[in-house]
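# Fold and geometry: a report
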Amino acid sequence: MTIAFITGITGQDGSYLAELLLAKGYEVHGLVRRSSELRRPRIDHLHQEPYADRITLHYGDLDEPLGLLRIIQQVEPDEVYHLAAQSHVQVSFELPDYTGSATGVGTMRLLEAIRLSGVDCRFYQASSSEMFGSATPPQAENTPFHPRSPYAVAKVYSYWATVNYREAYGMFASNGILFNHESPRRGENFVTRKITRGVAGILAGTQEKLHLGNLDARRDWGFAGDYVEAMWRMLQHDTPDDFVVATGEAHSVAEFCDAAFGHVGLDYREHVVVDERFMRPAEVDYLLGDATKARDLLGWTPATSFGELVTMMVDADLAAAGVTISTSEKTPPRDSNPRGAGTTAPE
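The paragraphs below set out a description of the structure included in this document.

### Section: unusual backbone geometry
As a rule of thumb, non-glycine residues mostly have phi less than zero, and peptide bonds are mostly trans rather than cis. Residues Glu49 and Pro50 are joined by a peptide bond in cis, for which omega reads 10°. The residue Pro50 is located in the loop between β2 (27–32) and β3 (55–59) in this model. Positive phi values are uncommon outside glycine, yet Glu76 reaches one of about 50°. Position of Glu76 relative to the elements: it lies in the loop between α2 (65–75) and β4 (79–82). Overall, Glu76 belongs to the exposed group, its relative accessible area being 51%.

### What about the nonpolar core?
In summary, soluble globular proteins display a tendency toward joint burial of nonpolar side chains. In this structure, Ile6, Leu17, Leu21, Tyr81, Tyr124, Ile195 and Phe261 are the most contacted members of the largest nonpolar core, which totals 75 residues. Looking at this core element by element, the count peaks at eight residues for helix α7 (residues 224–236). Once you skip the residues sitting within four places of it in the chain, Leu17 turns out to touch Ile6, Tyr81, Leu83, Val228 and Met231. By size, the runner-up hydrophobic cluster in this structure holds 22 residues, among which are Ile3, Leu31, Ile71 and Ala84.

### Some remarks on the pattern of salt bridges
This model, assessed by the stated rule, comprises 14 salt bridges. A salt bridge links Asp317 to Arg193; its shortest N-O distance comes to 2.8 Å. Of this pair, Asp317 sits in helix α10 (residues 306–320) while Arg193 sits in helix α6 (residues 191–204), and the two are 124 residues apart along the sequence. For Asp317, a relative accessible area of 7% corresponds to the buried category. Taking the shortest distance from any N to any O, the salt bridge between Arg219 and Glu283 comes out at 3.7 Å. Of this pair, Arg219 sits in strand β9 (residues 218–219) while Glu283 sits in the loop between β13 (272–274) and α9 (292–298), and the two are 64 residues apart along the sequence.

### Section: the pairing of strand β6 (residues 172–178)
Most of β6 is tucked away, with seven of its seven residues classed as buried. In the sheet, strand β5 (residues 122–128) pairs with β6 via seven bridges, with the strands oriented parallel. Bridge pairing in β6 links Ser127 to Ile177. Bridge count between β6 and strand β11 (residues 242–245): four bridges; the pairing is parallel. Residue Ile177 lies in a different strand from β11, and its bridge partner there is Val244.

### Considering the sheet that holds β4
If you walk across this open sheet you meet the seven strands as β3-β2-β1-β4-β5-β6-β11, and the pairing is parallel. Each edge of the sheet is formed by a strand with only one pairing partner; in this case those strands are β3 and β11. Each strand axis lies, on average, 20° off the axis of its neighbour in the sheet, ignoring direction. Running at roughly 140° to β4, α7 makes contact with β4, β5, β6 and β11 of the sheet.

Definitions and cut-offs
Along each chain, residues carry numbers from 1 onward, in the same order as the chain's sequence is written. The model is predicted, so local features are restricted to residues of pLDDT at least 70 and side-chain atom pairs to those at 80 or more, both for listing and for counting; the totals for chains, interfaces and linings are taken over all residues. Side-chain metrics rest on all non-hydrogen atoms present in the structure, leaving aside hydrogens and water. To qualify as a helix, a DSSP run of H or I must reach at least 4 residues; to qualify as a strand, a run of E must reach at least 2; elements of each kind are numbered from the N terminus. Note on exposure labels: buried denotes an accessible area under 20% of the residue type's maximum, exposed denotes more than 50%, and partly exposed covers the range between, all computed with a 1.4 Å probe on protein chains only. Residues grouped as a nonpolar core are buried Ala, Val, Leu, Ile, Met, Phe, Trp, Tyr and Cys residues, joined through side-chain atoms within 4.5 Å. Whether two residues touch is decided by their heavy atoms; if any such pair falls within 4.5 Å, the residues are in contact. Think of a salt bridge as a Lys or Arg side-chain nitrogen and an Asp or Glu carboxyl oxygen that are within 4 Å of each other. We call two strands paired when DSSP finds no fewer than two bridges between them. Structural elements are reduced to axes, namely lines fitted to C-alpha atoms, with helices fitted over the stretch in contact, and the angle between N-to-C directions of any two is expressed from 0 to 180 degrees.

Listed below in structure tokens is the structure:
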């Protein structure tokens, strides 16, 4: 039985990845912090049949090298998926030192623990499209990085640490440069969940307005459940390498609002307020990924469209808020971009 170790298993990506690996027959181990909440709603269902006897959680932290070494020696994983990080861009401006330690140096600590353990395993690093920053789109594996936040700087550190351990020690270590990926499990402080929860809150009568930052920022948004498949495929590839994972289609925050509010028959312009508090000190205006390499070498393509993603998230938040909308009140998802802001990466 193949053994996988996942840092960040309680997060959005970790929960989808754990589901995928368990369904493939893996034994899954996950890293959790002692200080984290005991409630872990994204993975609680995995502790039930048929997976209960194949998932184990271990207390540890990325700032504790000896603890990481002990866990790697104990678990002896075949595959390590490093997803844990302080991953909120705005928070990274407020906590740059912590972000650098957890998101950047934490990766080096884990790589070193693997090296010192002598365990022969394959390593996946969750890199980010934020590393490209203001680089001209579309962004591919050979696009120079231009990070625009402490979070992005830390991810660049992790990216090159992974490459260095691959080249210096012959480790099977791959970077997945994932563009924005969302789901109903997305953290509530990320803009997409703020929007879909805002739709639900306005319909439930618990809020009147939704305060957001830059509505013109454009992102390549995909479904997290699709993207974890790409992670797995990278570690099944014959050789370690670095891959962009993206849809090749970009939409503005305003378009996301339009699709989310439009799904329930509302005009977002009547409910959304642009709030300077949510503007970044250094903005990333346009991220658009070219995942040609992942398609050609891994056989990976996204299965979920932009419209399907937005609909999925809005419906989940409506259900969580106890709001029922009749089918006749809903508007079919719109995948086209009437304003021309969406752009497709070249084939």
